[in-house]
Amino acid sequence: MAEKIMNLKGRSFLTLKDYTPEEIEYLIDLAKDLKTKKKQGITGNSLKGKNIALIFEKPSTRTRCAFTVGCIDEGGHPEYLGKDDIQLGYKESVEDTARVLGRMFDGIEFRGFKQDTVEKLAKYSGVPVWNGLTDLDHPTQILADFLTLKEQFGTLKGLHLVYVGDGRNNMANSLMIGSAKLGINFTVLSPESLWTDEVLVAECQEYNKTSGGTITITDNIDAVKGADAVYTDVWCSMGEEALAGERIALLKPYQVNTELMNAVGTEKTVFLHCLPAVKSYEVTEEVFEAHADVIFDEAENRMHTIKAVMVATLGN
Ligand code: CP
């Protein structure tokens, strides 16, 4: 149960940097409650009378469906605004679109390229804005990942999470922030040219002084030993397709395959993937299918956690 009621009303959700460890734990626990209720056939009316804009500059399955279903489950109305539906940033400034949408909608989700765009939407709309992925950050994904880890291990603090692959992408960034906030020991296993931005690492090390978490960045595969969870993401993020050839060559030694999972050396280790997966590249079919139950729990948890964010920041 999310025993403590926290007042997050009116807050945007742009990055986990803006949230305290207690607030993040609260959102995860609220999602757990909402999940239990949904399984019992109980939905709410927390968003009754609320209209929510869903701006997508990039394609999405999980994030779009999670916001849509989560909103409708709570009695709200979601409106999808794809990249060809509005003039965001090319015929109308982000500031002006934000001021228009803020007068018509009660909350705005944004998925797109720039973190600056989601920040401007929050600044100028006057309503809660939720980050559904930018090139820098994917904070709603982390709530789903951590709910899944909590379901598997009962706790988050002290877990060892190893992210394997492109250490500079939005998933590596967001997992590092979330882990540092909650005291998870986080390892980035990646070729040196793809190591996480040093400024972000330094910022997260500051969070670790309070949470007790650690950060290790390495290109040594032995770093997976003893991991509670191994995580990977696609080798080419959206918009990086032209780099596919060189990225595959660079990351091939970091594929999550049976050999790598055997090197972990424990039976209890889970494998997570934010999806969509490009099987036979960042993960083999064999490893993916062996861990499919947890991976699809993680995908389902996008909906419960995104619903929790909307309910906590906008709900009645
Ligand atoms: N993990 C994730 O963001 O999935 P979608 O791209 O399908 O939204």
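Above this text you will find the structure in question.
Residues numbered from 1 in each chain as written. Predicted model: local features only at pLDDT ≥ 70, side-chain atom pairs only at ≥ 80, totals over all residues. Heavy atoms only, no water.

(A) Representation of the overall build of the protein within the structure. Secondary structure summary: the protein contains eleven helices and nine strands in total. In summary, the protein has a C-alpha radius of gyration of 19 Å against a globular reference of 20 Å for 316 residues, a match within 12%. Principal-axis analysis of the C-alpha atoms gives the protein an extent of 55 × 45 × 35 Å. Put simply, the protein has 316 residues, and 57% of those count as buried. At a minimum sequence separation of 6, the contacts of the protein that also span at least 24 residues come to 76%. About 13500 Å² of surface is accessible on the protein, with carbon and sulfur atoms providing 51% of the total. (Helix = DSSP H or I, 4+ residues; strand = E, 2+ residues; numbered from the N terminus. Rg over C-alpha atoms; globule rule 2.2 N^0.38 Å. Buried < 20%, exposed > 50% of the residue type's maximum accessible area, 1.4 Å probe, protein only. Contact = heavy atoms within 4.5 Å. Areas by Shrake-Rupley, 256 points an atom, 1.4 Å probe, with all protein chains shown as cover.)

(B) Fine view of the site of the ligand. In the neighbourhood of the ligand, the contacting residues comprise Ser60, Thr61, Arg62, Thr63, Arg111, His138, Gln141, Cys274, Leu275 and Arg302. In this structure, an oxygen atom belonging to the ligand sits 2.7 Å away from a side-chain N or O atom of Thr63. A distance of 2.9 Å separates a nitrogen atom of the ligand from a polar side-chain atom of Gln141. When the ligand sits alone it has 250 Å² of accessible area, and the protein chains cover 95% of it. (Near = heavy atom within 4 Å. Polar contact = N/O pair within 3.5 Å; in protein donor to acceptor, adjacent residues only side chain to side chain.)

(C) How the structure looks around the sheet that holds strand E4 (residues 129-131). Strand order across the open sheet formed by four strands is E2-E1-E3-E4, with parallel pairing between neighbours. Two strands lie at the open edges of the sheet, namely strand E2 (77-82) and E4, each paired on one side alone. Here the average twist between neighbouring strands, direction ignored, is 20°. Sheet analysis places strand E1 (residues 51-56) next to strand E3 (residues 107-111), joined by five bridges and oriented parallel. Directly across from Ile55, in E3, lies its bridge partner Phe110. Along the sheet, helix H4 (residues 115-125) contacts E1, E3 and E4; its crossing angle with E4, the most-contacted strand, is approximately 165°. (Pairing = 2+ DSSP bridges. Axes fitted to C-alpha atoms, helices over the stretch in contact; angles between N-to-C directions.)

(D) View of the packing of helix H5 (residues 139-153) against helix H6 (residues 170-182). Their axes nearest at 9 Å, the elements H5 and H6 cross at an angle of 55°. When the interaxial angle is binned, H5 and H6 end up oblique. As H5 runs across H6, the sense of the crossing is right-handed. Taken together, the residues of H6 that come into contact with H5 (itself represented by Pro139, Gln141, Ile142, Asp145 and Phe146) are Met171, Ser174, Leu175, Gly178, Ser179 and Leu182. In terms of residue class, the contact of H5 with H6 is built from six nonpolar, four polar and one charged. (Parallel < 35°, antiparallel > 145°, perpendicular 65-115°, else oblique. Left-handed = near helix turned anticlockwise from the far one by under 90°. Nonpolar A, V, L, I, M, F, W, Y, C, P; charged D, E, K, R; others polar.)

(E) Spatial organisation of the environment of Pro191. The residue Pro191 is located in the loop between strand E6 (185-189) and helix H7 (198-211) in this model. If we skip the residues at most four places from it in the chain, Pro191 touches Gly165, Asp219, Leu250, Leu251 and Tyr254.

(F) Main features of the layout of surface pockets. Approximately 520 Å³ is the volume found for the largest pocket. Lining the largest pocket are 27 residues; nearest its centre among them are Leu133, Asn170, Val234, Ser237 and Met238. Of the residues in the lining of the largest pocket, the class split is ten nonpolar, eight polar and nine charged. (1 Å grid on protein atoms, 1.4 Å probe; cavity = no way out; pocket = protein on both sides within 12 Å on 5 of 7 lines; lining within 4 Å. Points joined across faces, edges and corners; volume = space filled by probe spheres on them.)

(G) Quick peek at unusual backbone geometry. Along the chain, Leu275 connects to Pro276 via a cis peptide bond; the corresponding omega equals 0°. Looking at the secondary structure, you find Pro276 in the loop between strand E9 (270-273) and helix H10 (285-290). In this fold, Leu275 is placed in the loop between E9 and H10. Not every positive phi belongs to a glycine, and Ser280 is a case in point at roughly 85°. Within the secondary structure layout, Ser280 lies in the loop between E9 and H10. The exposure class assigned to Ser280 is partly exposed, which follows from its relative accessible area of 44%.

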